[in-house]
Amino acid sequence: MTERISDAEHAVMEVLWDDAPLTAQDVAERVAPSRGWSANTVKTLLGRLLAKNVIAADEDGRRYQYRPLVARGDYVEGESRRLIDRLFGGKLTPLVAHLAERDVLTDQDIAEIEALLKEIKQ
């Protein structure tokens, strides 16, 4: 995925990742109440996502069914990589150090990181 998606577009993607295919109305009913968006706003966002080639629209009679073309895991991987590249020179260790130095990591977080590292080493 070369073109990034906005926070608003991401909210639409979350709905589609959770339950696709969906019509524009289905998406609006799931995302709009928490955001206060109209159905037209959701349709605009769907149009932007189509233009970015991250979703597809399949004809279903007189309406379209929308589905993601990019998996959630692939999106998260790309965004994580961009963050690490941009802010930490592509290295994970400075990110973890930054979080630890600012007391952002809880004891539970540290235990989970230690368990993950132990698992990776085996």
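Each remark here, short or long, concerns the structure printed above.
Residues numbered from 1 in each chain as written. Predicted model: local features only at pLDDT ≥ 70, side-chain atom pairs only at ≥ 80, totals over all residues. Heavy atoms only, no water.

1. Quick word on the packing of aromatic side chains
Argument step 1. This structure, assessed with the given rule, holds 1 aromatic pair.
Argument step 2. On the basis of an interplanar angle of 40 degrees and a centroid distance of 5.5 Å, the ring pair of Trp17 and Tyr75 is categorised as tilted. One end of the pair, Trp17, is in helix 1 (residues 7-18); the other, Tyr75, is in helix 4 (residues 72-88), with 58 residues separating them in the sequence. This pair shows no difference in class: Trp17 is buried, exactly as Tyr75 is. (Phe/Tyr/Trp six-rings, centres within 6.5 Å; stacked < 30°, edge-to-face > 60°. Helix = DSSP H or I, 4+ residues; strand = E, 2+ residues; numbered from the N terminus. Buried < 20%, exposed > 50% of the residue type's maximum accessible area, 1.4 Å probe, protein only.)

2. What to know about the pattern of salt bridges
Argument step 1. Throughout the structure, instances matching the rule amount to 10 salt bridges.
Argument step 2. Ionic pairing is found between Asp19 and Arg30, a salt bridge with its closest N-O pair at 3.1 Å. Here the residue Asp19 occupies a position in the loop between helix 1 and helix 2 (24-35), and Arg30 occupies one in helix 2, the gap between them amounting to 11 residues.
Argument step 3. Given the relative accessible area of 43%, Arg30 is considered partly exposed.
Argument step 4. Of the charged contacts, one joins Arg82 and Glu79 as a salt bridge, the two residues approaching to 3.0 Å between their closest N and O atoms. Taken together, the positions of Arg82 and Glu79, both in helix 4 and 3 residues apart, correspond to about one turn of that helix. (Salt bridge = Lys/Arg side-chain N within 4 Å of Asp/Glu carboxyl O.)

3. Considering the packing of helix 1 against helix 2
Argument step 1. Look at helix 1 against helix 2: their axes get within 9 Å of each other, and the N-to-C directions meet at 135 degrees. Considering their axes alone, helix 1 and helix 2 lie oblique with respect to each other. Here the hand of the crossing between helix 1 and helix 2 comes out right-handed. Of helix 2, the residues touching helix 1 (which contributes Asp7, Ala11, Val12, Val15 and Leu16) are Val27, Arg30, Val31 and Arg35.
Argument step 2. When grouped by side-chain class, the residues that make up the contact of helix 1 with helix 2 number 6 nonpolar, no polar and 3 charged. (Axes fitted to C-alpha atoms, helices over the stretch in contact; angles between N-to-C directions. Parallel < 35°, antiparallel > 145°, perpendicular 65-115°, else oblique. Left-handed = near helix turned anticlockwise from the far one by under 90°. Contact = heavy atoms within 4.5 Å. Nonpolar A, V, L, I, M, F, W, Y, C, P; charged D, E, K, R; others polar.)

4. Some thoughts on the environment of Leu83
Argument step 1. Assignment of secondary structure puts Leu83 in helix 4.
Argument step 2. By relative accessible area, which is 33% here, Leu83 ends up partly exposed.
Argument step 3. Sequence spacing of Leu83 and Leu95 is 12 residues, and the spatial spacing of their C-alpha atoms is 9.5 Å.

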